[in-house]
Amino acid sequence: MKICTAAQMREIDRQASQIGGIPSIVLMENAAVACVCQIEKFSPKKVGIFCGKGNNGGDGFAIARHLINKNYHTEIFLVCGDSFSGDALINFEILEKMGAKIIEITDTSLLEYYILTQDLVVDAIFGT
């Protein structure tokens, strides 16, 4: 298996959207479904998803939505505030309408506690 760099991944996303005509929200949704399939292999009782404010956070919101719909105990942690745009905002607003448990972390000293209370943690803070 070949591992792509962040720049290569961004280029693949760009080509899928611009050349292939796949909207970025669809790419985000497909990534979320693939992640949930992997998460289910571990059969966690409690999943914590730590989200940043960019599209990586949007991926986390989409993952959370699918897990909640499958009745997984899911908590969403905002680590960069609650100001979102684009696809991330769309997925965040869906979670709010669903009544999802969303916790904004303003005190980083609580991070360890929140992480240790989960069976599985999703890092949707930074990255490609």
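What counts and how
Residues numbered from 1 in each chain as written. Predicted model: local features only at pLDDT ≥ 70, side-chain atom pairs only at ≥ 80, totals over all residues. Heavy atoms only, no water. Helix = DSSP H or I, 4+ residues; strand = E, 2+ residues; numbered from the N terminus. Rg over C-alpha atoms; globule rule 2.2 N^0.38 Å. Buried < 20%, exposed > 50% of the residue type's maximum accessible area, 1.4 Å probe, protein only. Contact = heavy atoms within 4.5 Å. Areas by Shrake-Rupley, 256 points an atom, 1.4 Å probe, with all protein chains shown as cover. Phe/Tyr/Trp six-rings, centres within 6.5 Å; stacked < 30°, edge-to-face > 60°.

A. Summary view of the overall build of the protein chain. Within the protein chain, the secondary structure is distributed over five helices and four strands. Counting from the amino terminus, the protein chain carries its helices and strands in the arrangement α-α-β-α-β-α-β-α-β. Taking 128 residues into account, the globule formula puts the C-alpha radius of gyration at 14 Å, and the protein chain, at 15 Å, falls close to it. Its C-alpha atoms put the protein chain at 45 × 30 × 25 Å along the principal axes. In the protein chain, which comprises 128 residues, the share counted as buried stands at 34%. Within the protein chain, residue pairs in contact and separated by at least 24 positions form 77% of the contacts whose partners lie at least 6 positions apart. Working note: accessible area of the protein chain is about 7,700 Å², and carbon and sulfur atoms make up 56% of it.

B. Highlighting the packing of aromatic side chains. On inspection of all chains with the given rule, the structure shows six aromatic pairs. Arranged with centres 5.0 Å apart and planes meeting at 85°, the rings of F61 and F84 form a pair that is edge-to-face. Taken as a pair, F61 in helix 3 (residues 55-69) and F84 in the loop between strand 2 (73-78) and helix 4 (86-98) lie far apart in primary sequence, 23 residues in all. You can call F61 buried: its relative accessible area is 0%. A ring pair is formed by F84 and F92, whose centres lie 4.7 Å apart and whose planes are at 45°; its orientation type is tilted.

C. Highlighting the side chain of H66. Among the structural elements, H66 can be located in helix 3. Setting aside chain neighbours within four positions, we find H66 in contact with E29, A32, V33 and V36.

All we've got here are geometric facts, nothing functional implied.
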